[in-house]
Amino acid sequence: MSELKKAILNQQKLLLDLQHILETELHLISSRDAESLINMLKTKEALLDSVQQQDTVIANLYTKASQEQKDDEEVVALFNQAKEIVSQCQFRTQINQTAVEQGQLRLEHLRNLLLESRAKESMTYDKTGRTQGGSSSGGISA
């Protein structure tokens with residue numbers, strides 16, 4: 001087996017590992033397990049670095065390969081499989097991004113509800129009977 005084929009197969013393995021991490025990441029996002037998510041992000045970052053390094057190796061091997069090796073059906077099929085895995089990883093990343101954004105929106109909504117609740121608790125009435133926010137201690141003298 002040529003070095004180029006071995007490099008592409010190695011890249012596919014790394015991409016499949018990334019795909020698995022992205023699936024686990026979604027589970028951790030939905031379960032709100034922040035500590036495990038942070039640990040996984042470190043693993044994911046290291047894996048992405050490995051993918052990038054392997055891309056460089058493949059690019060170097062590809063430029064050195066003969067046209068016959070580049071046109072080899074098996075090499076073309078391996079490249080296509082790798083591209084499909086990358087596409088799936090991109091899709092999973094978008095799903096994870098959406099999940100994070102929705103979680104942030106939920107937290108923001110909860111924060112707003114709490115602030116509204118707190119504001120209602122501190123409502124007072126002025127001399128005319130109209131409501132006003134803030135503490136009632138301002139401007140009252142004995």
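None of these values were measured; they are calculated from a predicted model.

So, how was this worked out
- Residues numbered from 1 in each chain as written.
- Predicted model: local features only at pLDDT ≥ 70, side-chain atom pairs only at ≥ 80, totals over all residues.
- Heavy atoms only, no water.
- Helix = DSSP H or I, 4+ residues; strand = E, 2+ residues; numbered from the N terminus.
- Buried < 20%, exposed > 50% of the residue type's maximum accessible area, 1.4 Å probe, protein only.
- Contact = heavy atoms within 4.5 Å.
- Salt bridge = Lys/Arg side-chain N within 4 Å of Asp/Glu carboxyl O.
- Core = buried A, V, L, I, M, F, W, Y, C linked by side-chain atoms within 4.5 Å.
- Axes fitted to C-alpha atoms, helices over the stretch in contact; angles between N-to-C directions.
- Parallel < 35°, antiparallel > 145°, perpendicular 65-115°, else oblique.
- Left-handed = near helix turned anticlockwise from the far one by under 90°.
- Nonpolar A, V, L, I, M, F, W, Y, C, P; charged D, E, K, R; others polar.

Bringing the overall build of the protein into the picture now. Helices and strands together make up the secondary structure of the protein, namely 4 helices and 2 strands. Written out in order from the N terminus, the α and β elements of the protein read α-α-α-α-β-β. Taking all 142 residues of the protein together, 23% fall into the buried category. A sequence separation of at least 24 residues applies to 64% of the contacts in the protein between residues at least 6 apart.

Any two side chains of opposite charge can pair, so long as their charged atoms come close to each other. For the structure shown, the criterion picks out 5 salt bridges. The shortest N-O distance in the salt bridge between Lys5 and Glu74 comes to 3.0 Å. Linking Lys5 in helix H1 (residues 3-31) with Glu74 in helix H4 (residues 73-121), this pair joins segments that are 69 residues apart in sequence. On the accessibility criterion, Lys5 (12% relative accessible area) is buried. Classification of Glu74 by relative accessible area gives partly exposed; the value is 40%. Ionic pairing is found between Lys13 and Asp17, a salt bridge with its closest N-O pair at 3.1 Å. Separated by 4 residues within a single helix, Lys13 and Asp17 lie in helix H1, roughly one turn from each other. For Asp17, a relative accessible area of 30% corresponds to the partly exposed category. Each of Lys5, Asp72 and Glu74 takes part in a single network of salt bridges with overlapping partners.

Take the nonpolar core next. What tends to happen in soluble globular proteins is that the nonpolar side chains get buried as a cluster. Judged by nonpolar contacts, the single largest core of 14 residues is most densely connected at Leu15, Leu18, Leu47 and Cys89. Among the secondary structure elements, those contributing two or more residues to this core are H1, helix H2 (34-64) and H4. Counting residues per element, this core draws most heavily on H1, which supplies 7 residues. With sequence-adjacent residues up to four places away left out, Leu18 is seen in contact with Lys44, Leu47, Leu48 and Cys89. Residues Leu4, Ala7, Ile58 and Ala65 belong to the second largest nonpolar core, which totals 8 residues.

Here H1 crosses H2 at 160°, and the two axes come no closer than 9 Å. Taken together, the axis directions place H1 and H2 in an arrangement best described as roughly antiparallel. In this structure, the crossing between H1 and H2 has a hand that is left-handed. Tallied by class, residues from the contact of H1 with H2 come to 20 nonpolar, 7 polar and 5 charged.

Relative to the helices and strands, Gln12 is located in helix H1. Aside from chain neighbours lying at most four places away, what touches Gln12 is Leu78, Gln81, Ala82 and Ile85.

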